[in-house]
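Residues per chain, in single letters:
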Amino acid sequence: MSLTVLTSAFRLRSICRLQRIQGHMMSSQVEPEVLLEKVGNAGVITINRPKVLNALNLTMIRQIYPQLKKWENDKETDVVIIKGAGGKAFCAGGDIRAVTDAGKVGDSLAEDFFREEYVLNNAIGSCRKPYIALIDGITMGGGVGLSVHGRFRVATEKTLFAMPETAIGLFPDVGGGYFLPRLRGKLGLFLALTGFRLRGRDVQRAGVATHFVESKKIPDLEKELVDLKSPSAEDVSKVLDSFQNQSSLDSEKPFVLEKHISDIDRLFSSSSVEGIVQNLKADGSEFANKQAETLSKMSPTSLKITYKQLKEGATLSLADVLVMEYRLSQACMRGCDFYEGVRAVLVDKDQSPKWSPSTLEGVSDQMVEQCFSSLGAKDLTL
């Protein structure tokens with residue numbers, strides 16, 4: 001073989017290798033952020049941004065919503081399953097950084113994100129097909145909105161649930177005003193104000209998840225669900241129950257808040273946030289002191305908005321709650337605590353936000369009422 005032929009062959013191999021590398025680089029760059037697949041008789045949604053804990057952005061919402069509506073009306077689709085990729089998170093929340101940047105410059109994303117996210121939350125809540133969220137991993141904020149309004153929510157030992165919004169000058173949105181006051185006693189209000197984290201089986205014990213299944217059993221569970229033929233909600237429930245019955249992990253451990261439930265009901269029963277703080281300080285127990293300290297770090301405006309949000313939401317439909325929460329979201333976009341909270345917790349990470357007003361007493365009833373007022377033509381319509 002001549003040198004020329006050898007050189008040509010080498011060059012050709014190099015070009016092919018370069019093309020393969022470029023192809024791989026391109027494919028890794030255009031990895032879809034959400035996978036929408038038909039598997040058996042199931043529509044399967046996979047949130048596919050594991051590097052950012054499957055944070056939800058507007059592009060993803062705009063892909064999920066129409067597909068969910070399509071599957072809901074499709075005779076060949078019996079159930080909808082939603083899950084997260086990567087093994088760490090189901091969905092750790094919305095893409096708050098992008099919303100903050102948009103809100104600062106008056107970009108429409110600050111309106112569009114919340115509007116379209118809440119429309120999706122409502123669609124999940126009203127979905128006529130069994131909707132099964134496999135919340136195997138971190139589930140916060142926007143991830144709660146993608147799961148909690150569905151008919152079935154399956155927690156595992158890897159589930160970490162929280163609504164930590166009062167720490168960033170926001171409020172537990174995505175329908176938090178609907179599901180939180182419907183948890184037992186004052187548990188929902190406690191979770192909403194403090195951002196307390198629930199893990200594993202406790203997510204089900206609190207009433208946030210409907211089932212608990214060990215993480216290693218989830219692939220088998222999913223296979224059984226997609227193989228069901230024309231199942232009713234009861235059929236789905238039976239499959240989930242059987243997998244739950246095979247999952248004994250942590251079953252002997254008591255609910256993390258069990259010994260504090262009566263304290264929570266007593267201490268968080270008050271006609272105001274100030275009253276709750278007074279109750280906690282007067283109680284003086286280690287648990288009460290800890291909660292008082294937690295609340296002292298939260299945005300006073302957020303605490304007051306959240307208190308009223310849950311009080312109002314207790315008697316409203318999910319749709320009406322979302323209309324109310326959209327008004328609140330836009331009030332937060334107009335205010336300053338949200339931007340300051342995101343700066344302190346997510347950007348600079350100094351964990352020392354300067355709230356304005358800085359005290360509960362500084363947040364007047366009129367200021368709170370204003371946050372709930374109609375946006376007129378800009379109100380959310382469902």
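Residues numbered from 1 in each chain as written. Predicted model: local features only at pLDDT ≥ 70, side-chain atom pairs only at ≥ 80, totals over all residues. Heavy atoms only, no water.

Overall, mixed pairing links the six strands, which are arranged S1-S2-S3-S5-S7-S10 in an open sheet. At either margin of the open sheet sits one strand with a lone partner, and together these are strand S1 (34-39) and strand S10 (211-212). Relative to S10, strand S7 (residues 152-155) runs parallel, the two sharing two bridges. Each bridged residue has a counterpart across the sheet, and for Val154 the counterpart in S10 is His211. Contacts from helix H9 (residues 218-226) reach S1, strand S2 (42-47), strand S3 (79-84), strand S5 (131-135) and S7 within the one sheet, and its direction differs from that of S3 by about 160°. (Pairing = 2+ DSSP bridges. Helix = DSSP H or I, 4+ residues; strand = E, 2+ residues; numbered from the N terminus. Contact = heavy atoms within 4.5 Å. Axes fitted to C-alpha atoms, helices over the stretch in contact; angles between N-to-C directions.)

Another point: the confidence of the model for the protein chain. Looking at the protein chain as a whole, its pLDDT mean stands at 93, while 92% of the residues score no less than 70. Taken as a whole, residues 1-10 scores under 50 in pLDDT and shows one contact with residues more than four places along the chain or in a different chain. Predicted confidence for residues 21-28 stays below pLDDT 50, and this span has zero contacts to residues more than four positions away or in other chains. (pLDDT = per-residue confidence, 0-100.)

Our focus in this paragraph is the sheet that holds strand S6 (residues 138-140). Overall, mixed pairing links the four strands, which are arranged S4-S6-S8-S9 in an open sheet. The outermost strands of the open sheet, each flanked by one partner alone, are strand S4 (89-91) and strand S9 (198-199). As defined by bridge partners, strand S8 (residues 160-162) adjoins S9 across two bridges and the pair is classed as antiparallel. Across the sheet, the residue bridging to Phe161 is Leu198, located in S9.

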